[in-house]
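The lines below spell out each chain.
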Amino acid sequence: MEIIYKLFETAKKARLNAYAPYSKYLVGASVLAESGAVYASCNVENISFPCGVCAEAGAISAMVAAGERKLKAVLVVSEGKDLVYPCGACLQRIAEFADADTQIYLADTAQIRKTCRITDLLPHNFKASELTDD
């Protein structure tokens, strides 16, 4: 449980650095790599809306930049009455480095409110095996 608390606190801290002047919706995310290392990021908006970066994408990129390739857990935190879920593109990004047991924790700034698996949120992700001719 200690590592989940670390994921929560790391994501909350990253959230405070979010650049969201347009939506005012601050999101933080942290990921736990197979090595036990934690990587975090926040959302970064851009006036050209499609050019923004989700917190989950940034955290996964930091993990990959450090040479890691396997996700054990993801935590996403934001403020508001409704939970923030990873968008479809981020779910596919998570699936790229996850397995069926990868946990996704959804939190507000006070607590983790929901735990699910990537297969719950994206049961039919696109797989590399679909690119083969077999």
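Quick look at the structure, then. It should be emphasised that the depicted structure is a prediction, and the values quoted were computed from it without experimental measurement.

The rules behind each value
- Residues numbered from 1 in each chain as written.
- Predicted model: local features only at pLDDT ≥ 70, side-chain atom pairs only at ≥ 80, totals over all residues.
- Heavy atoms only, no water.
- Phe/Tyr/Trp six-rings, centres within 6.5 Å; stacked < 30°, edge-to-face > 60°.
- Helix = DSSP H or I, 4+ residues; strand = E, 2+ residues; numbered from the N terminus.
- Contact = heavy atoms within 4.5 Å.
- 1 Å grid on protein atoms, 1.4 Å probe; cavity = no way out; pocket = protein on both sides within 12 Å on 5 of 7 lines; lining within 4 Å.
- Points joined across faces, edges and corners; volume = space filled by probe spheres on them.
- Nonpolar A, V, L, I, M, F, W, Y, C, P; charged D, E, K, R; others polar.
- Expected span 1.5 Å × (residues − 1).
- Buried < 20%, exposed > 50% of the residue type's maximum accessible area, 1.4 Å probe, protein only.
- Arc of directions from axis to C-beta.
- Disulfide = S-S within 2.5 Å.
- Core = buried A, V, L, I, M, F, W, Y, C linked by side-chain atoms within 4.5 Å.
- Pairing = 2+ DSSP bridges.
- Axes fitted to C-alpha atoms, helices over the stretch in contact; angles between N-to-C directions.
- Patch = residues over 30% accessible without salt bridge, like charges linked within 9 Å, V, L, I, M, F, W, Y side chains within 5 Å.
- Areas by Shrake-Rupley, 256 points an atom, 1.4 Å probe, with all protein chains shown as cover.
- Salt bridge = Lys/Arg side-chain N within 4 Å of Asp/Glu carboxyl O.

## So, the packing of aromatic side chains
- Per the counting criterion, the structure on display carries one aromatic pair.
- Each ring, one from Tyr22 and one from Phe49, has its centre 5.9 Å from the other, and the planes form 85°; the classification is edge-to-face. With Tyr22 in the loop between helix 1 (2-15) and strand 1 (27-33) and Phe49 in the loop between strand 2 (38-42) and helix 2 (55-65), this pair connects stretches of sequence that are 27 residues apart.

## What to know about the environment of Glu34
- Tracing the backbone through its elements, the reader meets Glu34 in the loop between strand 1 and strand 2.
- On a C-alpha basis, the gap between Glu34 and Lys72 in space is 5.7 Å, while along the polypeptide they are 38 residues apart.
- Residues within four places of Glu34 in sequence aside, it is in contact with Glu68, Lys70 and Lys72.

## As for the layout of surface pockets
- Roughly 270 Å³ of volume is contained in the largest pocket.
- Every residue lining the largest pocket is counted, 17 residues in all, and those nearest its centre are Asn43, Gly52, Val53, Cys54 and Ala55.
- Per-class residue counts for the lining of the largest pocket are 12 nonpolar, three polar and two charged.

## Here's the deal with helix 1
- An ideal rise of 1.5 Å per residue puts 20 Å on 14 residues; helix 1 measures up with 20 Å between its terminal C-alpha atoms.
- Buried within helix 1 are the following residues: Ile4, Leu7, Phe8, Ala11, Ala14 and Arg15. The buried residues of helix 1 occupy an angular sector of 135° when projected down its axis, which confines them to one face. With respect to the buried face of helix 1, the exposed residues turned more than 90 degrees away are Glu2, Tyr5 and Lys13.

## Topic: the state of the cysteines
- With the rule as written, the count across this model stands at zero disulfides.
- Not part of a disulfide, Cys54 finds its nearest cysteine sulfur in Cys90, a span of 3.7 Å.
- Look at Cys54 and you get partly exposed, because its relative accessible area is 30%.

## Overview of the nonpolar core
- Judged by nonpolar contacts, the single largest core of 23 residues is most densely connected at Val31, Met63, Leu71, Val74, Ile94, Ile104 and Ile118.
- Secondary-structure elements contributing two or more residues to this core are strand 1, helix 2, strand 3 (71-78), helix 3 (88-97) and strand 4 (103-107).
- Residues contacting Ile94, with those up to four places away along its chain left out, are Ile60, Leu71, Val74, Pro86, Ile104 and Ile118.
- If you look at the next biggest cluster of nonpolar residues, it comprises 11 residues, including Leu32, Ala73, Val77 and Tyr105.

## A short note on the sheet that holds strand 3
- On the basis of which strands lie adjacent, the open sheet formed by five strands has the order 2-1-3-4-5 and mixed pairing. Of all the strands in the sheet, the pair left with one neighbour each is strand 2 and strand 5 (112-117). Geometrically, the sheet is characterised by an average inter-axis angle of 15° between neighbouring strands, direction not taken into account.
- Bridge count for strand 4 against strand 5 is five bridges, and the pairing is antiparallel. The partner of Leu106 across the bridge, within strand 5, is Lys114.

## With respect to a nonpolar patch on the surface
- Residues Tyr19, Tyr22, Val44, Ile47, Phe49 and Val53 make up a contiguous nonpolar surface patch of about 600 Å² in total accessible area.
- Along the chain, Ile47 falls in the loop between strand 2 and helix 2.

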